[in-house]
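Coordinate analysis (summary)
These are the residues of each chain, in order.
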Amino acid sequence: MLGFLIQRLLQAALVMLAMSALVFLGVYAIGNPIDVLISPDATQDIRAATIRAYGLDRPLWEQYGVFLGRLLRGDLGRSFVFNIPVLELVLDRLPATLELALASVLIGAFVGVPLGIYAGYRPDGALSRGIMAASVLGFSVPTFWVGLILILTFAVNLGWLPAGNRGETVRVLGAGWSFLTWDGLQHLALPALNLSLFKLAMMIRLARAGTREVMLSDTVKFARAAGLSEWTILRRHVLRLIAIPLVTVFGLEFGSTLAFAVVTETIFSWPGVGKLIIESITALDRPVMVGYLVLVAFLFVTINLVVDLAYAALDPRLRRRARA
Amino acid sequence: MTAPLLDVRDLRTEFHTRAGVLRAVNGVSFTLARGEILGLVGESGSGKSVTGFSLLGLVDPPGRIAGGSISFEGQELVGLPPARLRELRGKRIAMIFQDPAATLNPVLTVGAQMALAVQAHGGGGDRAARDLAARSLARVGIPDAVTRLDAYPHEFSGGMRQRVAIAIALLHQPDLIVADEPTTALDVSIQAQILAEMKALARENGTALVWISHDLATVSSLADRVLVMYAGRIVESGPVAQVLRAPLHPYTRGLLDSLPAMGRPGEMLAQIPGSTPSLLSLPPGCPFAPRCPRADAACAQDPPVVGTEGRMALCHHPLT
């Protein structure tokens, strides 16, 4: 297990190195930030001084080296626009996105998996067909449109829930969280529901396919022959047997929602990192873009590592292979 | 004579498919005494496994028991509510399957799976369930049973895995175990061990056994009586020694002739020509007629029962 962990950590470090180089080069290629930073009527001296101050007169490899050196110390540079450290800027926005993404994948898992298992257990039932038809909608209706309809219905027409912003937050661990207050929870409800629809549909389909397959297996027949109730079979046998693909998709969806909840955050004016990256791209705020992308890569690598460890916890056969 | 443990009368199990009604079990009758070992022999598709599943009320849709009666200790199982059937399964009637690698759940420890089977019938707390599981594992000859409870199925060899499955079937000391080809997936040497132990365990506990197999040789070393199934019907039945020595039905004769004999190496094995008929399009009359060396015009009619209940065959032209 330890060897497996070390091997995975090394892989993760390599991925991070490659990502940092790619991101740095990619962002370097998209324009000169100096044009944005200083006014067009500045003198040549001011221009040159600014370029020197940001280290932009150095060759590319040297700039990357400086960037990498700082990165290893946890320094992502300062925002050109806000003139505060990028890490601080992103970490200030990240909790908002984190709770939104987590809320949406949790809704997807805790509602989607039971519905999917039911639909797989009774594939011909009317309710199952209804669930599956709804899941097709979840896949195919665009998120932004659903978001607008949700606002129109629940915020404008019914007036039950607020249409945007985070509402009241509570500071825990140095960050503000909405889900800890009733007001914040109300603000969280609509965007989280909006983001969860796609994940819900995915979880339903995965859980259904897995359940249908497992229900026909000898494991289930044998459990029935031993007199286990259908409920016990579903809860103790089937759920464990279909868990691995569900955990995989849960991890991937969590990562991609963290990184790319942009549309939903924009529609619901949710002050998360998605909005931050859009703003910094418009302003050509290079350190923020680079820092953000590196952080996203870091999150993805971490989530994948956790998912791999979860596999080993879920399937004892993988534990042995990893040990060998 | 006391009442039999199991009395099956005219059992019919059908599968309603798009292509028509498939009569997998077509009027099967037999009895089983307490502690008796009954061999149920036939080729693939003869309906022997479906017969076994019918006894436990475990026929998967689109299959269903369409008629007949299964009387277990005087209680009628056909039409019994699912909850009542569940109470019997595992406690009074248990089942063992062919491939232990597929029946045991790979992601749960053996102990956890056994505890589920114990607690499906009350069984008290986790501690008591674990004790019972360990005793059952020890009884089927698994060394170091208490520590092995925490092992996963893949950490056992094939033979040991089947012993675990047998231990699960024996947990509640059932009156009847239906064993569906439980040694087919095992090495030959392990097969012989498991057979001997199953026989000893059944005798020891007074458990009756329905041993389903395609292998006459296996059944002959184990069973008291044998039923030969073909196309959903019992075509011959009787005490195992009599059926093997003097078969009445040409099909049984064919099965016996196709067994490799020890004394004659290098000789071609006799085969039964043709293959099992599709149960969807059975010809009228005797279903074995197209493959039978003794068939004639009479075989277009339904074959008569020859002999008595204890020693019968379903044939126009029985061998004598």
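So, a few notes on the structure that sits alongside this text. (Residues numbered from 1 in each chain as written. Chains lettered and ligands numbered in written order. Predicted model: local features only at pLDDT ≥ 70, side-chain atom pairs only at ≥ 80, totals over all residues. Heavy atoms only, no water.)

1. So, the overall build of chain A
Applicable threshold: Helix and strand assignments follow DSSP, with helices taken as H or I runs no shorter than four residues and strands as E runs no shorter than two, numbered in order from the N terminus. Exposure is judged per residue with a 1.4 Å probe applied to protein chains only, and the accessible area is read against the type maximum: over 50% gives exposed, under 20% gives buried, and values in between give partly exposed. We call two residues in contact when some of their heavy atoms are within 4.5 Å. Residue-level accessible areas treat just the shown protein chains as cover; the underlying method is Shrake-Rupley with a 1.4 Å probe. Under the counting rule used here, the positive set is Lys and Arg, the negative set is Asp and Glu, and His together with the chain ends is not counted. A charged residue contributes its charge at one atom only: NZ of Lys, CZ of Arg, CG of Asp or CD of Glu.
Within chain A one finds 15 helices and 2 strands. Seen through its principal axes, chain A has C-alpha atoms that stretch 85 × 60 × 35 Å. By the burial criterion, 42% of the 324 residues in chain A qualify as buried. The long-range share in chain A, meaning contacts at least 24 apart out of those at least 6 apart in sequence, stands at 73%. Of the accessible surface of chain A, which amounts to about 16600 Å², a share of 68% is contributed by carbon and sulfur atoms. With 28 positive and 21 negative side-chain charges, chain A shows a spacing of 12 Å between the two charge centroids.

2. Concerning the state of the cysteines
Residues and elements named next belong to chain B. Stated formally: Cysteine sulfur atoms are paired as a disulfide whenever they come within 2.5 Å of each other.
Under the definition given, this model contains 0 disulfides over all chains. Just so you know, Cys292 is unpaired, no disulfide at all, and the nearest cysteine sulfur is the one on Cys315, 6.0 Å from it. Of all cysteine sulfurs, the one in Cys286 lies closest to Cys299, which takes part in no disulfide; the gap is 5.7 Å. A relative accessible area of 8% means that Cys299 is categorised as buried.

3. Brief notes about the interface of chain B and chain A
Where we set the bar: Summed over both partners, the accessible area (1.4 Å probe) lost when two parts come together is defined as the buried area. The salt bridge definition used is simple: a Lys or Arg side-chain nitrogen within 4 Å of an Asp or Glu carboxyl oxygen. Nitrogen and oxygen atoms within 3.5 Å of one another constitute a polar contact, given that in protein one can donate a hydrogen and the other can accept it, and given that sequence-neighbouring residues count only through two side-chain atoms. Three residue categories are used. Nonpolar comprises Ala, Val, Leu, Ile, Met, Phe, Trp, Tyr, Cys and Pro, charged comprises Asp, Glu, Lys and Arg, and polar comprises the others, including Gly.
Taken together, the 27 residues of chain B in the interface contact 21 residues of chain A. Both faces combined, the contact of chain B with chain A buries some 2300 Å², and carbon together with sulfur accounts for 65% of it. When residues of chain B are sorted by the area they lose upon contact with chain A, Val107, Leu116 and His154 of chain B head the list and together hold 27% of the total. Of the charged contacts, one joins Asp60 of chain B and Arg224 of chain A as a salt bridge, the two residues approaching to 3.6 Å between their closest N and O atoms. Our count for the chain B to chain A interface comes out at 7 residue pairs in polar contact (both at pLDDT 80 or more). Secondary structure elements with two or more residues in the side of chain B that touches chain A: β6 (93-96), α3 (100-103), α4 (110-119) and α7 (158-170) of chain B. Of the residues that constitute the side of chain B that touches chain A, the class distribution is 18 nonpolar, 6 polar and 3 charged.

4. A look at the environment of His172 of chain B
All names here are of chain B. Here His172 lies in the loop between α7 and β7 (176-180). By relative accessible area, His172 is classed as buried at 17%. Note: C-alpha distance between His172 and Leu132 (40 residues apart in sequence) is 9.1 Å. Contacts of His172, omitting those with residues within four sequence positions, involve Gly90, Lys91, Ala117, Val118 and His121. Reaching out from His172, the side chain makes a polar contact with the backbone oxygen of Ala117 at a distance of 3.1 Å.

5. Remarks on the sheet that holds strand β10 (residues 233-239) of chain B
All names here are of chain B. Rules: A pair of strands is treated as paired once DSSP finds two or more bridges between them. Between N-to-C directions, angles cover 0 to 180 degrees, with each direction set by a line fitted to C-alpha atoms, over the stretch in contact for helices.
Across the sheet, which stays open at both edges, the 8 strands sit in the order β6-β7-β8-β3-β9-β10-β12-β11 with mixed pairing between neighbours. On the outer flanks of this sheet lie β6 and β11 (305-308), each paired with one strand and no other. Taking each pair of neighbouring strands and ignoring which way they run, the sheet shows an average axis angle of 15 degrees. Two elements, β11 and strand β12 (residues 311-314), share 4 bridges in a ladder whose sense is antiparallel. By the bridge assignment, Val306 is partnered in β12 with Ala313. The sheet strands contacting helix α1 (residues 48-55) are β3 (37-41), β6, β7, β8 (208-213) and β9 (225-230), and the helix crosses β8 at an angle near 150 degrees.

6. Quick look at the pattern of salt bridges
Considering all chains together, one arrives at 27 salt bridges over all chains under this definition. With a shortest N-O distance of 3.7 Å, Arg58 of chain A and Glu62 of chain A are connected by a salt bridge. You can call Arg58 of chain A partly exposed: its relative accessible area is 46%. Taking relative accessible area as the criterion, Glu62 of chain A reaches 27% and is therefore assigned partly exposed. A salt bridge links Lys221 of chain A to Asp60 of chain B, with the nearest nitrogen and oxygen atoms 3.9 Å apart. Of this pair, Lys221 of chain A sits in helix α9 (residues 218-225) while Asp60 of chain B sits in the loop between α1 and β4 (63-72), placing the two residues on different chains.

7. Remarks on the packing of aromatic side chains
We count it as follows: What counts as a ring pair is set by centres within 6.5 Å for rings of Phe, Tyr and Trp (its six-membered ring), and what kind of pair is set by the plane angle: stacked under 30 degrees, edge-to-face over 60, tilted for all other angles. Criterion for a charge above a ring: Lys NZ or Arg CZ within 6 Å of the ring centre, and within 35 degrees of the ring normal.
Enumeration according to the criterion identifies 11 aromatic pairs over all chains in this entry. Ring geometry for Trp177 of chain A against Phe179 of chain A: centres 6.1 Å apart, planes inclined by 75 degrees, an arrangement best described as edge-to-face. Among the residues examined, Trp177 of chain A registers a relative accessible area of 15% and is labelled buried. Phe179 of chain A gets classed as partly exposed once you look at its relative accessible area, which sits at 41%. Between Phe222 of chain A and Phe97 of chain B, the aromatic rings sit 5.7 Å apart at their centres with planes inclined by 80 degrees, giving edge-to-face as the arrangement. Taken together, the residues span two chains, with Phe222 of chain A in helix α9 and Phe97 of chain B in the loop between β6 and α3. For Phe97 of chain B, a relative accessible area of 4% gives the class buried. A network of ring pairs unites the aromatic residues Phe24, Tyr64 and Phe67 of chain A as a single cluster. Across from the ring centre of Phe156 of chain B, 4.2 Å away, lies the NZ or CZ of Arg148 of chain B, which sits over that ring.

8. Description of the layout of surface pockets
A probe as big as a water molecule, rolled over the atoms, marks out the empty space that is left. Rule in force here: Cavities and pockets were defined on a 1 Å grid built over protein atoms only: a cavity is a set of grid points that admits a 1.4 Å probe from which the probe cannot escape, a pocket is an open set flanked by protein on both sides within 12 Å along at least five of seven lines, and lining residues are those with an atom within 4 Å of any such point. Grid points are joined across faces, edges and corners, and a volume is the space filled by probe spheres set on the points.
Counted as a void, the largest pocket has a volume near 1000 Å³. Around the largest pocket, the lining comprises 33 residues; the ones closest to its centre are Arg224 and Glu230 of chain A together with Val59, Asp60 and Pro61 of chain B. Elements with a minimum of two residues in the lining of the largest pocket: α5 (86-121) and α8 (182-215) of chain A together with α1, β4 and α2 (82-88) of chain B. A per-element tally of the lining of the largest pocket places β4 of chain B first, with 4 residues. Taken together, the residues that form the lining of the largest pocket break down as 18 nonpolar, 6 polar and 9 charged.

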